[in-house]
Amino acid sequence: MSKQHTRREFLGRSAAAGAVCALPTLLAARAWSGEPAARPSETIGLGVIGIGPRCTYDLTAILQLPDVRCLAIADVQASRREAGKQLVDKHYGNTECKLYRDFRALLDRKDIDAVLVATGDRWHAPASIMAAEAGKDVYSEKPCGLTIELCQRLDNAMRRTGRVFQAGTQRRSVPNFQWAVEWARQGKLGKLHTLYASIYTPGVLTEWLPAEPTPDPEVVDWNLWLGPAPWRPYNAKYVAGGWRGYWDFDSGARLLDWGAHTLDLCQWANSADDTMPIEYEPHDDKIVCRYANGVQVVMDFLKEPFGNRDPHFITRLGTCPVRFVGDAGSVETGDSGELVAKPDALAESIPPGAKRVRGLDVSAHARNFFDCVKSRQAPVCNSTVMRRSHIACHAAALAWLLRRKLRIDPQTETFVDDAEANGLRSRPERDPWRTA
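What counts and how
Residues numbered from 1 in each chain as written. Predicted model: local features only at pLDDT ≥ 70, side-chain atom pairs only at ≥ 80, totals over all residues. Heavy atoms only, no water. Helix = DSSP H or I, 4+ residues; strand = E, 2+ residues; numbered from the N terminus. Areas by Shrake-Rupley, 256 points an atom, 1.4 Å probe, with all protein chains shown as cover. Contact = heavy atoms within 4.5 Å. Axes fitted to C-alpha atoms, helices over the stretch in contact; angles between N-to-C directions. Nonpolar A, V, L, I, M, F, W, Y, C, P; charged D, E, K, R; others polar. Buried < 20%, exposed > 50% of the residue type's maximum accessible area, 1.4 Å probe, protein only. Pairing = 2+ DSSP bridges. Right-handed = clockwise from strand over helix to strand, strands pointing away. Expected span 1.5 Å × (residues − 1). Polar contact = N/O pair within 3.5 Å; in protein donor to acceptor, adjacent residues only side chain to side chain. Phe/Tyr/Trp six-rings, centres within 6.5 Å; stacked < 30°, edge-to-face > 60°. Lys NZ or Arg CZ within 6 Å of the ring centre and 35° of its normal. Core = buried A, V, L, I, M, F, W, Y, C linked by side-chain atoms within 4.5 Å. Salt bridge = Lys/Arg side-chain N within 4 Å of Asp/Glu carboxyl O.

Draft legend 1. Looking closely at the overall build of the protein. A count of helices and strands for the protein gives 14 helices and 15 strands. Just so you have it, the protein exposes about 17400 Å², and 52% of that area is on carbon and sulfur atoms.

Right under this line is the structure:
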């Protein structure tokens, strides 16, 4: 149906376009910067921006929380709006969930304290920033920003407005991942030297699907669906989820699909939430990153189609696997919940409570967010944590696209002596959707 373009073709087009609250022993909650708004009532009014399969999964868990009430859903597709309303109304036993085509109308409501942003990647950062400016706290699905610049602007907006932000990198709230990180941080593996983060094999699609008649905006608002992304003709496959992999809509050549989770866990294990790797070197089957303290992160490409028999899995423990290795042992885990540790003495110390839920379960992560909405403290995946790990993923993706080693200054978040890479830290955005 479509083909992947070479890096040279992609970079030529990009140059032209550019011309025009957590585990207590690991992360103590801290007060959020800025002057907080008035504390919401004991029941938090929730609005949903974008409701597809992933949002439905999130929302199904959130509806079980007794102190959260979903009041409204906004989506550019009528079919998805109606499906979301059926889910919410059935749960509450009424017909009170309000629907909006344009999420800005939802943001105008004073009874909504927080929003769940679960659109496609292109909208995550702009919608989150607009929500913060409207006085709402934000839980955003990942990847939270389409570019390095958008991740910076998103974090800056949350700090400026004093809003509570949680990135949907929920594995920080899952017991088996928490235990693996704790062992790494407490020295049970000895001195850390290599961290492994599984990612999809990167790829870039830039062509257009064949043009189809544009639907009535009440059925699918194509212009609003595109939002800040460059204009292109309508095709039903895009709005059905077929936008993934296209540079205009997707984050970091697909690298952030898993990297936003797995590299984030490596950041945590390396006590590096306030920094990022300084060097990114692409290879045929991986990207090797290096921190200033000498620890390496191997972003291992996942060969597709994938499964438990795939030799490119760094572990056979489910999706989003990670492995932490020190000079005295190693631990690896994935979404199955199981932990595998070496040597045997470490494996024997795995507590029964280390495995309780699968990594896809959002319940504890959502609970952390809503607790912080009330306390005004920083969630486990707050906007600054997101900023560092997401920018690291974007830097790795750009190294892969440019086919050369890149160095970044973690303080300025700019590439060292590489104007071309720095030019790719942002992308043009369609008016009027550029946010401050």
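After that view of the structure, there is still more to cover.
Draft legend 2. Quick look at the side chain of Gln-152. Along the chain, Gln-152 falls in helix α6 (residues 148-161). The contacts of Gln-152, once residues within four sequence positions are left out, are Arg-387, Ile-391, Thr-412, Glu-413 and Arg-425.

Draft legend 3. Geometry of the packing of helix α7 (residues 175-185) against helix α10 (residues 256-269). One can describe the packing of α7 onto α10 by two numbers: an axis separation of 8 Å at closest approach and a directional angle of 35°. Judged by residue contacts, Phe-177, Gln-178, Val-181, Ala-184 and Arg-185 of α7 engage Leu-265, Trp-268 and Ala-269 from α10. Class assignment for the residues of the contact of α7 with α10 results in six nonpolar, one polar and one charged.

Draft legend 4. The pairing of strand β4 (residues 114-117), seen in detail. On β4, burial covers both faces: Ala-114 and Leu-116 on one face and Val-115 and Val-117 on the other are all buried. Here four bridges tie strand β1 (residues 44-49) to β4, and the two strands are oriented parallel to one another. Along β4, the bridge assignment pairs Leu-46 with Ala-114. Where β4 and strand β5 (residues 137-140) come together, four bridges link them in parallel fashion. Paired with Val-117 across the two strands is Ser-140, which belongs to β5. The parallel pair β4 and β5 is bridged by helix α5 (residues 121-133), and the resulting crossover is right-handed.

Draft legend 5. Main features of unusual backbone geometry. Residue Pro-143 is reached from Lys-142 by a cis peptide bond, and omega for that bond is -10°. Counting through the fold element by element, Pro-143 comes out in the loop between β5 and α6. Residues Asp-431 and Pro-432 are joined by a peptide bond in cis, for which omega reads 0°. Within the element layout of this structure, Pro-432 appears in the segment after α14 (419-423). Notably, Arg-254 is not glycine yet its phi reads approximately 75°, a positive angle. Positionally, Arg-254 belongs in the loop between α9 (236-242) and α10. Phi angles above zero are rare outside glycine, and Glu-413 is one such case at about 55°. Topologically, Glu-413 is positioned in the loop between β14 (406-409) and β15 (414-415).

Draft legend 6. Local environment of helix α13 (residues 383-402). Given a rise of 1.5 Å per residue, 20 residues ought to cover 28 Å, and the 28 Å separating the end C-alpha atoms of α13 matches this to within 8%. The buried fraction of α13 is high, at 20 of 20 residues. In this structure Asn-382 caps α13, since a side-chain oxygen of it lies 3.0 Å from the backbone nitrogen of Thr-384. Note on α13: the residue one or two positions beyond its end, Arg-403, has a positive phi of about 60°.

Draft legend 7. The packing of aromatic side chains, seen in detail. If you walk through the whole model with that rule in mind, you get 13 aromatic pairs. Judged by centre distance (5.2 Å) and plane angle (90°), the rings of Trp-222 and Tyr-234 are edge-to-face. Pair noted here: Trp-222 is in helix α8 (residues 222-226) and Tyr-234 is in the loop between α8 and α9, with a separation of twelve residues, a long-range link. Connected via pairs of aromatic rings, a cluster forms that spans Trp-222, Trp-225, Tyr-234, Tyr-238, Tyr-246 and Phe-249. Across the ring face of Trp-225, the terminal group of Arg-122 is positioned such that the distance to the ring centre comes to 3.6 Å. Lying over the aromatic face of Trp-247, Arg-427 brings its terminal NZ or CZ to 3.8 Å of the ring centre.

Draft legend 8. Molecular detail of the sheet that holds strand β6 (residues 165-167). Spatial ordering of the open sheet is given by β3-β2-β1-β4-β5-β6, a layout of six strands whose pairing is parallel. Across the chains shown, the open sheet's two edge strands, defined by having one partner strand only, are β3 (98-100) and β6. Taken pair by pair, the neighbouring strands of this sheet meet at an average axis angle of 20°, ignoring direction. Set on the sheet, helix α3 (residues 78-92) makes contact with β2 (68-74) and β3; between it and β2 the angle comes to about 160°.

Draft legend 9. Local environment of the nonpolar core. Counting residues in hydrophobic clusters, the biggest one holds 99 residues, and the most contacted among them are Met-299 and Phe-324. When residues of this core are assigned to their parent elements, the largest contribution, twelve residues, is made by α13. The next biggest cluster of nonpolar side chains, apart from the first, holds 27 residues, and it includes Leu-46, Ala-61, Tyr-92 and Ala-114.

Draft legend 10. Region of the structure containing the environment of Gly-242. Structurally, the position occupied by Gly-242 is in helix α9. C-alpha separation for the pair Gly-242 and Leu-209, spaced 33 residues apart in sequence, amounts to 9.9 Å.

Draft legend 11. Structural context of the pattern of salt bridges. A complete count under the given rule lists 32 salt bridges for this structure. Between Arg-54 and Asp-58 there is a salt bridge, with its nearest N and O atoms 3.3 Å apart. With Arg-54 and Asp-58 both in helix α2 (residues 53-62) and four residues apart, the pair spans about one turn of that helix. Glu-281 serves as the salt-bridge partner of Lys-405, at 3.9 Å between the closest nitrogen and oxygen.

Draft legend 12. Seen up close, the environment of Pro-213. Summarising the element assignment, Pro-213 is placed in the loop between β7 (192-200) and α8. The exposed category is assigned to Pro-213, whose relative accessible area is 73%.

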